[in-house]
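# Chain and residue survey
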Amino acid sequence: MFNIPNILDAEALLDKAFGRAKKISVRKKKERIINKIATVKAIMNNTLQKYVKSFPNFDKLHKFYYELLDLLIGINKLKKSLASLEWARKKINRIATDGIRKIKSGEDELNVLKSVYGRISSIVYEINRHLNFLEEARLKIKELPFISTDLPTVIIAGYPNVGKSSLLKLLSSAKPEIAPYPFTTKGLIVGHLIFEENHEKKKIQFVEAPGLLDRREEERNEIEKQGIIALKHLPDLIIFIIDASLHCGYDLESQKKLLEEIKREFKVDMIVVENKVDICSKTDYFKISCKTGEGIEELKEEIKKRLFR
Ligand SMILES: Nc1nc2c(ncn2[C@@H]2O[C@H](COP(=O)(O)OP(=O)(O)OP(=O)(O)O)[C@@H](O)[C@H]2O)c(=O)[nH]1
Ligand SMILES: [Mg+2]
């Protein structure tokens, strides 16, 4: 989604720049040293600039991604780290330019080189924790699924273990992990349904919001908060799953309380389904079974109707 390159730590970054400078083999000593400094300057400048530019402009980011990155990484910390890279880049440029000027005006080349290398090293080590933080951020961002903020989007929500991933798998291309215990899904999962209608190709994005519990915002963990952020910014339609068989391990009353809360909070069109009706059926909601397939085709039709007709 965002194309961020590997971010080297201080040691590797200095190795890269100094290593390249070492290869310079101009015969005349003065020229050679000026060349070395110019090379280190260029590599540092280009590399640090590339890092900074590869991160998105947070203030222009869609609210969904802004809040997700803020939750998982921290926007202020990201901004601070990127600003420190900018600071280092400019400072290194100045030191190098200054060094070259000194050599040209007659100062001892080797002394200048030593001092320039020393000062650049200490600046790069000064931003090492920021380089490390940005590399960690890159790895977290890489793990995120691509979620479109433009496609018609259905969010599948409900208590843990009620069959959200099972339904996602039946409705879309996603291949989520399905298991008989709660909190199997630990992040947002995406799948698509592509179909043709009146000779027009249509695409629906489905997102599973990982298991929500009926509890206050402050008590929600990082996994649940991702679901809340998705619910807040993405859906055109919510499918809320109730498991009245109680095989999920949670009582009906708590599930209904969460349902009411989500209705109240998000004000988005919603289909409430009762899953696992192969075991038993106790409500008047739209009945489905992800095990036998009962009701799934009808649900698909209902989703298309709500989104496109
Ligand atoms: N009998 C029966 N079992 C089902 C049905 N749908 C799902 N299950 C089972 O319920 C368990 C939980 O299913 P998942 O699809 O992983 O549920 P989930 O809501 O995604 O769970 P978390 O990601 O952990 O919150 C699994 O053992 C499924 O096989 C159904 O219609 N009937
Ligand atoms: Mg799941």
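Quantities reported herein were computed from a predicted structural model and do not represent experimental measurements. (Residues numbered from 1 in each chain as written. Chains lettered and ligands numbered in written order. Predicted model: local features only at pLDDT ≥ 70, side-chain atom pairs only at ≥ 80, totals over all residues. Heavy atoms only, no water.)

Our next topic: the packing of helix H2 (residues 29-54) against helix H5 (residues 109-126). For the pair H2 and H5, the least separation of the axes is 10 Å and the interaxial angle reads 10°. Between H2 and H5, the angle is such that the two are roughly parallel. Contacts between H2 and H5 pair Lys-29, Lys-30, Ile-33, Lys-36, Ile-37, Val-40 and Met-44 from the former with Glu-109, Leu-110, Val-112, Leu-113, Val-116, Tyr-117, Ile-120 and Val-124 from the latter. A per-class count over the contact of H2 with H5 returns 11 nonpolar, no polar and four charged. (Axes fitted to C-alpha atoms, helices over the stretch in contact; angles between N-to-C directions. Helix = DSSP H or I, 4+ residues; strand = E, 2+ residues; numbered from the N terminus. Parallel < 35°, antiparallel > 145°, perpendicular 65-115°, else oblique. Contact = heavy atoms within 4.5 Å. Nonpolar A, V, L, I, M, F, W, Y, C, P; charged D, E, K, R; others polar.)

A separate point is the domain arrangement of the protein chain. Split into domains, the protein chain comes out as domain 1 (10-143) and domain 2 (153-308). Computed from C-alpha atoms alone, the centre-to-centre distance between domain 1 and domain 2 is 46 Å. At the interface, seven residues of domain 1 touch nine residues of domain 2. On the domain 1 side of the contact with domain 2, Phe-64, Glu-67 and Leu-71 bury the most area, a combined 67% of that side's loss. For the pair domain 1 and domain 2, the number of links is one salt bridge. Counting across the domain 1 and domain 2 interface gives two residue pairs in polar contact (both at pLDDT 80 or more). (Domains from an automatic or database assignment. Buried area = accessible area lost by both parts, 1.4 Å probe. Salt bridge = Lys/Arg side-chain N within 4 Å of Asp/Glu carboxyl O. Polar contact = N/O pair within 3.5 Å; in protein donor to acceptor, adjacent residues only side chain to side chain.)

Structurally, Ile-189 is set in strand E2 (residues 189-197). For Ile-189, a relative accessible area of 22% gives the class partly exposed. Separated by 80 residues in the primary sequence, Ile-189 and Asp-269 have C-alpha atoms spaced 21 Å apart. If near-sequence neighbours (up to four positions away) are discounted, Ile-189 is found in contact with Leu-168, Pro-176, Phe-206, Val-207 and Glu-208. (Buried < 20%, exposed > 50% of the residue type's maximum accessible area, 1.4 Å probe, protein only.)

The strand order across the open sheet formed by six strands is E2-E3-E1-E4-E5-E6, and the pairing between neighbours is mixed. Of all the strands in the sheet, just E2 and strand E6 (286-287) have a single pairing partner and so form its edges. Note: strand E5 (residues 270-275) against E6, two bridges, orientation parallel. Residue pairing in the sheet places Val-273 in a bridge with Phe-286 of E6. Each of strand E1 (153-158), strand E4 (237-243) and E5 touches helix H9 (residues 252-266); the most contacted strand, E4, lies at about 170° to it. (Pairing = 2+ DSSP bridges.)

Another point: H5. An ideal rise of 1.5 Å per residue puts 26 Å on 18 residues; H5 measures up with 26 Å between its terminal C-alpha atoms. Within H5, the full set of buried residues consists of Glu-109, Val-112, Leu-113, Val-116, Tyr-117, Ile-120, Ser-121, Ile-123 and Val-124. For H5, the angular spread of the buried residues around the axis is 165°, confining them to a single face. For H5, the exposed residues lying more than 90 degrees away from the buried face are Asn-111, Lys-114 and Glu-126. (Expected span 1.5 Å × (residues − 1). Arc of directions from axis to C-beta.)

Glancing now at the environment of Ala-137. Along the chain, Ala-137 turns up in helix H6 (residues 128-143). For Ala-137, a relative accessible area of 1% puts it in the buried group. Once the C-alpha coordinates of Ala-137 and Ile-7 are considered, the two residues, 130 residues apart in sequence, prove to be 9.9 Å apart. Excluding residues that lie within four positions of it along the chain, Ala-137 makes contacts with Ile-73 and Leu-78.

This part covers the packing of helix H7 (residues 164-171) against helix H10 (residues 296-308). Axis separation between H7 and H10 bottoms out at 11 Å; the angle between their running directions is 75°. By the angle between their axes, H7 is roughly perpendicular relative to H10. Between H7 and H10, the contacting residues are Leu-167, Leu-170 and Leu-171 on the first element and Ile-296, Leu-299, Lys-300 and Ile-303 on the second. In terms of residue class, the contact of H7 with H10 is built from six nonpolar, no polar and one charged.

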